[in-house]
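Close look at the chain arrangement
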Amino acid sequence: LTDKIVMKKPDVFERLCQIVKDSVIYVGDDPSLVKQFVKYLSPKSVIKDEEIIRQGDEGDYFYCIESGNYDVIVNERKVSQFDNKVSNQTITNSH
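Residues numbered from 1 in each chain as written. Predicted model: local features only at pLDDT ≥ 70, side-chain atom pairs only at ≥ 80, totals over all residues. Heavy atoms only, no water.

1. Notes on the overall build of the protein chain
Quick note on the threshold: Counting from the N terminus, the helices are DSSP H or I runs at least four residues long and the strands are E runs at least two residues long. Burial classes: relative accessible area under 20% of the type maximum marks a residue as buried, over 50% as exposed, and values in between as partly exposed (1.4 Å probe, protein chains only). Here a residue-residue contact requires only that any non-hydrogen atoms of the pair lie within 4.5 Å. The Shrake-Rupley method, run with a 1.4 Å probe, gives the accessible areas here. Residue values count only the displayed protein chains as cover.
In terms of regular secondary structure, the protein chain is built from 2 helices and 4 strands. Mapped from its N terminus to its C terminus, the protein chain presents α and β elements in the order α-α-β-β-β-β. Evaluated residue by residue, the protein chain yields a buried proportion of 20% over its 95 residues. Across the protein chain, the fraction of contacts at a sequence separation of at least 24, relative to all contacts at a separation of at least 6, is 54%. If you sum the accessible surface of the protein chain, you get close to 7600 Å²; carbon and sulfur atoms cover 48% of it.

Right, dumping it as structure tokens:
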């Protein structure tokens, strides 16, 4: 999230609204809160092998994975792997 509204194409905005509605408990039931939340989401590109979230970090970001492959590692052991064929994958950085 950013402190400034980030403009998005209508289809991207609606797709993010659906992901947030399905993933974030505290805004999921109120469409106006979902839209307010999504207006402040900003894109972040990552490079291959870049670490996105480290286990134990403070939960301060909400990630929606649009495309690509990624691994989930817990206690230094890979426990899951996902790719862009899995729809609406969301990672929350919380502990």
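What follows continues from the structure just given.
2. Focus: the packing of helix α1 (residues 10–23) against helix α2 (residues 31–39)
Heads up, the condition is: In this analysis, axes come from line fits to C-alpha atoms, helices being fitted only over the stretch in contact, and the angle between any two N-to-C directions falls in the range 0 to 180 degrees. Throughout, the term roughly parallel applies to angles under 35 degrees, roughly antiparallel to angles over 145, roughly perpendicular to angles from 65 to 115, and oblique to all others. By definition, any crossing whose near helix is turned counterclockwise from its far helix by less than a right angle is left-handed, and any crossing with a clockwise turn is right-handed.
The interhelical angle for the contact between α1 and α2, taken along N-to-C directions, is 120°, at an axis separation of 9 Å. By the angle between their axes, α1 is oblique relative to α2. Classified by chirality, the crossing of α2 by α1 is right-handed. Each of Phe 13, Leu 16, Cys 17, Val 20 and Lys 21 in α1 lies in contact with α2, whose residues at this interface are Val 34, Lys 35, Phe 37, Val 38 and Lys 39.

3. Remarks on the nonpolar core
The cut-off we apply is this: We define the nonpolar core as a collection of buried residues of types Ala, Val, Leu, Ile, Met, Phe, Trp, Tyr and Cys that are connected through side-chain atoms lying within 4.5 Å of one another.
Membership of the largest hydrophobic core is limited to 10 residues, which are Phe 13, Leu 16, Cys 17, Val 20, Val 24, Val 34, Phe 37, Val 38, Leu 41 and Phe 62. Where this core is concerned, the elements lending two or more residues are α1 and α2. Per-element tally for this core: the top contributor is α1, with 4 residues.

4. Things to note about unusual backbone geometry
The backbone of Asp 49 sits at a positive phi, close to 70°, despite the residue not being glycine. Relative to the helices and strands, Asp 49 is located in the loop between α2 and β1 (62–64). Although it is not a glycine, Glu 76 sits at a positive phi angle of roughly 65°. By relative accessible area, Glu 76 is classed as exposed at 81%.

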